[in-house]
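Close look at the chain arrangement
Take a look at the letters that make up each chain.
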Amino acid sequence: DQQVKQNSPSLSVQEGRISILNCDYTNSMFDYFLWYKKYPAEGPTFLISISSIKDKNEDGRFTVFLNKSAKHLSLHIVPSQPGDSAVYFCAASANFGNEKLTFGTGTRLTIIP
Amino acid sequence: EAQVTQNPRYLITVTGKKLTVTCSQNMNHEYMSWYRQDPGLGLRQIYYSMNVEVTDKGDVPEGYKVSRKEKRNFPLILESPSPNQTSLYFCASRASGYQETQYFGPGTRLLVL
């Protein structure tokens, strides 16, 4: 039972345009969400997070949006750069991050120069 | 430099031959965990430890053992590996309650023949 789903295994975006990565969850207890970025032969690294008390969090080119009623979050990257090519995982936790993380299946983002 | 190290990075073994993957962190983190990454399944937690001598099962603990005798080390033991344990394994550590501080190791790719 996949509680966190990323329905797009891959996504290609032109350099300079906006990349939008989507994530859906089913567990209503989840109230803290994170995005991780993973390059080949490396472990995932933390990118950005959002708590359920907010619906948007911004950090430079990265913005995460949370729609609690739809149980949906998205990561926007604008403008996209070649270095953004990586696999992106969304993850969710209950108890405001104090419970274990449940990860999605990942989306491979390719930025086309 | 803050880091999580894993050894070995690559391992080919045969069914039933006991193996240990080591994990060490230099950040004095209380919380450590092991994940496996499989295509279409994302990262799934195998075991975690909230501090020395405190370990608990994650989502997919069958066939694995762990120990936490020292704060910095959290080895993953496969007593009798089977082909379905062929996977990419990640060790991670973080400070208690702070998911954003979670650091992942570089991964260990295991092939069980």
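Read on for a plain summary of the structure. (Residues numbered from 1 in each chain as written. Chains lettered and ligands numbered in written order. Predicted model: local features only at pLDDT ≥ 70, side-chain atom pairs only at ≥ 80, totals over all residues. Heavy atoms only, no water.)

Helices and strands together make up the secondary structure of chain B, namely 0 helices and 11 strands. Taken from N to C terminus, the helices and strands of chain B fall in the order β-β-β-β-β-β-β-β-β-β-β. Taking 113 residues into account, the globule formula puts the C-alpha radius of gyration at 13 Å, and chain B, at 13 Å, falls close to it. Here the C-alpha coordinates of chain B stretch approximately 35 × 30 × 25 Å along the principal axes. Counting only residues that meet the buried cut, chain B has 49% of its 113 residues in that class. Surface accessibility of chain B: about 5400 Å² in total, with carbon and sulfur atoms responsible for 52%. The distance from the centre of the 13 positive side-chain charges to the centre of the 10 negative ones in chain B is 6 Å. (Helix = DSSP H or I, 4+ residues; strand = E, 2+ residues; numbered from the N terminus. Rg over C-alpha atoms; globule rule 2.2 N^0.38 Å. Buried < 20%, exposed > 50% of the residue type's maximum accessible area, 1.4 Å probe, protein only. Areas by Shrake-Rupley, 256 points an atom, 1.4 Å probe, with all protein chains shown as cover. Lys, Arg positive; Asp, Glu negative; His and termini not counted. Charge placed at Lys NZ, Arg CZ, Asp CG, Glu CD.)

All names here are of chain A. For the coordinates displayed, the defined rule picks out 2 disulfides over all chains. There is a disulfide in this structure between C23 and C90, and the S-S distance comes to 1.9 Å. As the torsion about the S-S bond is roughly 65°, the C23-C90 disulfide counts as right-handed. Remark: C90 occurs in strand β9 (residues 86-94) and C23 occurs in strand β3 (residues 19-25); sequence separation between them is 67 residues. Given a relative accessible area of 1%, C23 falls into the buried group. (Disulfide = S-S within 2.5 Å.)

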